[in-house]
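# Coordinate analysis (summary)
Here is how the chains run, residue by residue.
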Amino acid sequence: MRQVNLLRLDSDEELVRRIREGDRGSERVLILRLYPGVYTLALRLLRQPESARDAVQEAFFRAFNRLAQYDGVHRFSAWVFKILINLIRDAARRGGRVVTMELKPDDWPSRGPIPVDAAIRAESAERVRREVEKLPERMRAAILLHFQEGFNGREVGYSLGVSHDAARLLISRAMAKLRQGMGSDE
Amino acid sequence: MRSVDELTLYVGGLLDPDEERELRGHLDGCVECRHVVARLLAERDFLNRALARDIVEAPVLDPDPDL
């Protein structure tokens, strides 16, 4: 059995290097590590769990099948997001249907009484997610890559296939729209 | 007074080093902009939490061939 070093986490890029040498185990680790973020973004863009799962599966398949095209300059996750976003955009151009996912009261976890301030924060968080859903696709992707994944302007630009300046503009315009939607006084 | 857009980019770490250096110089002398930055930091903290990744089920993968 292969020895596992529990105290050191290999970077995504180190795992990619091993995958290129034929290490299938590293491929599994990378998928499990990236899956939450990639699936969350897919779900927030497509709004339909089954479509999101399909898109994520296809994105990972393409990412590992086309590993020779990964430049190693940007984060590997940024490259996976780039593939995912292109997939979703291509499907939309071919007439893919977007189904709005409506949250029902049963979707909230049952935890007994919730303090008032936490309830207000939870409601505000739900409101902002709804406002994000209303954003045009590229603004929505930009804001999610920036806040959900912590990408800087260059990484957002790379994943969206736009310049750094264009990415920054998308983010600041998205923020302005969110503030407007949330009733800001700015 | 700098624009909210520019201060938003500053708070988000989205300015180039030269731009950031120049804006920091401005903030040293502008109380109004510093107040806006404080509010933008709170806004950013809220968005980071509201838009954090969902807790999702791990995908089902093929068995590890090495185990």
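Our subject is the structure listed above.
Residues numbered from 1 in each chain as written. Chains lettered and ligands numbered in written order. Predicted model: local features only at pLDDT ≥ 70, side-chain atom pairs only at ≥ 80, totals over all residues. Heavy atoms only, no water.

As a further point, take the overall build of chain A. Check the secondary structure of chain A and you find eight helices and zero strands. Going from N to C terminus, chain A has its helices and strands arranged as α-α-α-α-α-α-α-α. By residue count, 44% of the 186 residues in chain A fall in the buried class. Of the contacts formed within chain A by residues at least 6 apart in sequence, a portion of 63% connects residues at least 24 apart. (Helix = DSSP H or I, 4+ residues; strand = E, 2+ residues; numbered from the N terminus. Buried < 20%, exposed > 50% of the residue type's maximum accessible area, 1.4 Å probe, protein only. Contact = heavy atoms within 4.5 Å.)

Each pair of packed helices can be described by the angle between their axes along with the distance between the axes. All names here are of chain A. Contact geometry for helix α2 (residues 24-46) and helix α6 (residues 137-147): axes closest at 10 Å, N-to-C directions at 155 degrees. Classified by the angle between their axes, α2 and α6 sit roughly antiparallel to one another. Between α2 and α6 the crossing geometry is right-handed. For the pair formed by α2 and α6, the contact residues are Leu41, Arg44 and Leu45 on the first element and Glu137, Arg140, Ala141, Leu144 and Leu145 on the second. (Axes fitted to C-alpha atoms, helices over the stretch in contact; angles between N-to-C directions. Parallel < 35°, antiparallel > 145°, perpendicular 65-115°, else oblique. Left-handed = near helix turned anticlockwise from the far one by under 90°.)

Attention now moves to the packing of aromatic side chains. All names here are of chain A. All told, the structure shown has seven aromatic pairs over all chains when counted by the stated rule. Measuring from ring centre to ring centre gives 5.8 Å for tyrosine 35 and tyrosine 39, while their planes differ by 5 degrees; the resulting arrangement is stacked. Here tyrosine 39 and tyrosine 35 lie together in helix α2, a separation of four residues that amounts to about one turn. On the basis of relative accessible area, tyrosine 35 is assigned to the buried category, the value being 10%. The class for tyrosine 39 is buried, based on a relative accessible area of 9%. An aromatic cluster of three or more residues is present, and its members are Phe60, Phe64, Tyr70, Phe76 and Trp79. In this structure, lysine 82 is placed above the aromatic ring of tyrosine 158, and the distance from its NZ or CZ to the ring centre is 4.9 Å. (Phe/Tyr/Trp six-rings, centres within 6.5 Å; stacked < 30°, edge-to-face > 60°. Lys NZ or Arg CZ within 6 Å of the ring centre and 35° of its normal.)

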